[in-house]
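# A structural walkthrough
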Amino acid sequence: MGLTMAQKIIKEHLVSGKPEPGEVVSIKVDQVLMQDATGTMAMLEFEAMGIPRIKVPLAVVYVDHNMLQVDNLNADDHIFLRTAAAKYGIHYSRPGNGICHQVHLERFAAPGKVLLGSDSHTPTAGGMGMLAIGVGGLEVAAAMAGEPYEFKVPDLVKVVLEGELKRPWVTGMDITFELLKRFTVKGGVGKIFEYVGPGVKTLTVTERATVTNFGTELGLTTSIFPSDERTKHYLEAQGRGGVWRELSPDPDAEYTDTVTVNLSEIEPYVAKPHQPDNVVKISELKGIKVDQVCIGSCTNSSYQVMKAVAQILKGRTVAPNVSMTVSPGSKQVYEMLAKEGALADMIAAGARILESACGPCIGMGQAPPYNGVSVRSFNRNFKGRSGTPEASVYLANPLVATYIALRGEFADPRGSGISVTYVEEPERFLINDNMIIPPSPTPEAVEVIKGPNIKEVPVKEPLAESLTAKVLIKVGDNISTDDILPAGAKILPLRSNIPEISKYTFSRIDPTFYERARAAKAGVIVGGENYGQGSSREHAAIAPMYLGVKAVIAKSLARIHKENLINFGIIPLTFKNPSDYDRIDAGDELEIPRLADAVKKDESIKIVNKTKGIEFVATFSLIEKQKEVLLAGGLLPYIKKKT
Ligand code: MIC
Ligand code: SF4
């Protein structure tokens, strides 16, 4: 039987298991990436493992999220990351060098390799034929310590691309919008999407990377494109032709499912507030006034995108009611735009040019006005993520968003008369790696510098035999990690200080959560479908753990968050009968009589709702290693016990 692309990569990296959907495999990791917001914790976790130097072939930490320096906190974290990276054998991408996923694609990604990243948009590198998976920081720390990555092989879905995009106003982002329209934000859970078919060769590597990046919002484990002549061209233009290799599925590869997308039929779409799958055609929003337009993010800030944006802006002016920002994805892109004059066109049109970083995407500045309307070429529009809870954030492709910035309202750019010539990938990108600091050759001489805000990682005790706990909060469907532990300019700088950041747990949904959790000592969270969607931030598990949360019971759980809960010793449970969700309320006292025993045996478990005098059943779905991790109290105590 033939193999799919993901199966081929898994097979080549296999430590144990069979590369078939549903089977547990353990694979060798070639590369890891971290960013600053998750990287400080990952670095502290690695340090806690007591290993002097990383055991993975390549690790890179990027400073791109925590860029505003309103006090010493973020600046202190940058120094910590720089010194720790030098000591432990990690490359350090300095602030200003760009967004992790864009820079990684340019300078490090390689077809056929395995990448783990402590950021949910790590699948960006899937655009280059890499098996690139977003995980929690502790998982990355474990990979740096030499642990293979163990997971259940997801269902493998073949996505056949036919036809060609109607350029210029339809872009790679609209391909994923089309899939979000069909499958929703939870439709990809437990799946890998593999893109094949004649439409593939019509897309450049950065266009493919937009598709795989945004695919995270489908809940996918990852997405992957073939590595072909276009991939070779991109790598050669990056001066890295030597890492190219061909990758495609065998003709008789077996997929769990097949989906067909005709690129020629795709329109420019927009996701309305407050979910990326709230997709409509641009024509449905015609005339809605807009206050802000933001271009950039790891989804859309390549050279090709930015050059097209500059073409639209050239000789025109941003509408008087709009504040428009542009964040080029990397120093490479930024420097090329500057050299070629495209930056001047943007500046002349009145765009506010920001540094090469995540910026407004994660609420690091540029919050929209009260009740404002913001259109962003980003990947997430969860309520409050922009920094203004009352704002309405829409997602659109960067060319459409730029046209909206000129018009000051939603409008369909097709028929606008603005001509945009298709931007080809350059023959040679501008290569200058002076902002990537390689690890120190003399690690003994490096002192790791920790500012006063950097605190130890809290560790949980082993799992108790039984549990009595109060339901601290009951939430609905699609709760994101931004709801559980918000980001933004005020809270992000606390990422290396769990006691402080835990004060913001659920702060946007229920500001009393922190005090109540502290008082209760032992708590449970009740969730609906797809609990924990969105980011990989393990803080959405560590902070609840620190506040005494012992279990989450939900209708279903998002993948990375479920892994993070396990890594920090919180039991992830799902209702056997989803209607039991309706028979449980915040404040109820629950008893789980034989918890540890049930985890060992991986069976369904009886939970007694003492307040209501009823019982219901919840189930686990854990691989062997995850059971051991939970029993030990989390991945850190598990690894410590092993070494
Ligand atoms: C995000 O886009 O939500 C982030 C910020 O990049 C997160 C990581 C984090 O919370 O630090 C992600 O996507 O994993
Ligand atoms: Fe940064 Fe936004 Fe991408 Fe997250 S989604 S890595 S915050 S640009």
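A quick note: this is a predicted structure, and the numbers were derived from the prediction, not measured. (Residues numbered from 1 in each chain as written. Chains lettered and ligands numbered in written order. Predicted model: local features only at pLDDT ≥ 70, side-chain atom pairs only at ≥ 80, totals over all residues. Heavy atoms only, no water.)

## Regarding a negative patch on the surface
On the surface, Glu20, Glu23, Asp252 and Glu254 cluster together into a patch of negative charge. You can see Glu20 is positioned in the loop between strand S1 (14-16) and strand S2 (24-27). Overall, the relative accessible area of 33% leaves Glu20 in the partly exposed class. (Patch = residues over 30% accessible without salt bridge, like charges linked within 9 Å, V, L, I, M, F, W, Y side chains within 5 Å. Areas by Shrake-Rupley, 256 points an atom, 1.4 Å probe, with all protein chains shown as cover. Salt bridge = Lys/Arg side-chain N within 4 Å of Asp/Glu carboxyl O. Lys, Arg positive; Asp, Glu negative; His and termini not counted. Charge placed at Lys NZ, Arg CZ, Asp CG, Glu CD. Helix = DSSP H or I, 4+ residues; strand = E, 2+ residues; numbered from the N terminus. Buried < 20%, exposed > 50% of the residue type's maximum accessible area, 1.4 Å probe, protein only.)

## Some words on the packing of helix H9 (residues 303-313) against helix H10 (residues 331-340)
Where H9 meets H10, the closest approach of the two axes is 10 Å, and the angle between their N-to-C directions is 35°. Both H9 and H10 take part in a crossing whose hand is right-handed. Residues Tyr303, Met306 and Lys307 of H9 lie in contact with H10, whose contacting residues are Val333, Met336, Leu337 and Glu340. Looking at side-chain class alone, the contact of H9 with H10 contains five nonpolar, no polar and two charged residues. (Axes fitted to C-alpha atoms, helices over the stretch in contact; angles between N-to-C directions. Left-handed = near helix turned anticlockwise from the far one by under 90°. Contact = heavy atoms within 4.5 Å. Nonpolar A, V, L, I, M, F, W, Y, C, P; charged D, E, K, R; others polar.)

## Considerations on the nonpolar core
Counting 119 residues, the largest nonpolar core has Ile90, Met144, Tyr531 and Leu573 as the members making the most contacts within it. Those residues in contact with Tyr531 that sit more than four places away from it in its chain are Val475, Ile479, Ile484, Phe506, Ile525, Val552, Ala554, Ser556, Leu557, Ala558 and His561. (Core = buried A, V, L, I, M, F, W, Y, C linked by side-chain atoms within 4.5 Å.)

## As for the pattern of salt bridges
Per the counting criterion, the structure on display carries 34 salt bridges. Across the pair Asp412 and Arg414 runs a salt bridge, and its minimum N-O distance is 2.8 Å. Of the charged contacts, one joins Asp588 and Lys612 as a salt bridge, the two residues approaching to 2.8 Å between their closest N and O atoms. Placement of Asp588 in the loop between strand S24 (571-575) and strand S25 (589-592) and of Lys612 in the loop between strand S26 (605-609) and strand S27 (614-619) is noted, with a sequence separation of 24 residues between them. Looking at Asp588, the relative accessible area reads 4%, which means it is buried. In this structure, a network of salt bridges that share partners links the residues Glu267, Lys281, Asp412 and Arg414.

## A word on the site of ligand 2
Close to ligand 2 lie His65, His101, Asp119, His121, Ser297, Cys298, Cys358, Cys361, Ile362, Asn379 and Arg385, which account for all nearby residues. Across the shell around ligand 2, the residue classes break down as four nonpolar, five polar and two charged. (Near = heavy atom within 4 Å.)

## Considerations on the sheet that holds strand S13 (residues 269-271)
Read across the sheet, seven strands follow the order S14-S13-S19-S18-S15-S16-S17 without closing on themselves; strand pairing throughout is mixed. The strands lining the two open edges of the sheet, one partner per strand, are strand S14 (279-281) and strand S17 (352-353). As judged from the two bridges shared by S13 and strand S19 (residues 392-396), these two strands associate in the antiparallel manner. From the neighbouring strand, Val270 faces S19, where its bridge partner is Ala396. (Pairing = 2+ DSSP bridges.)

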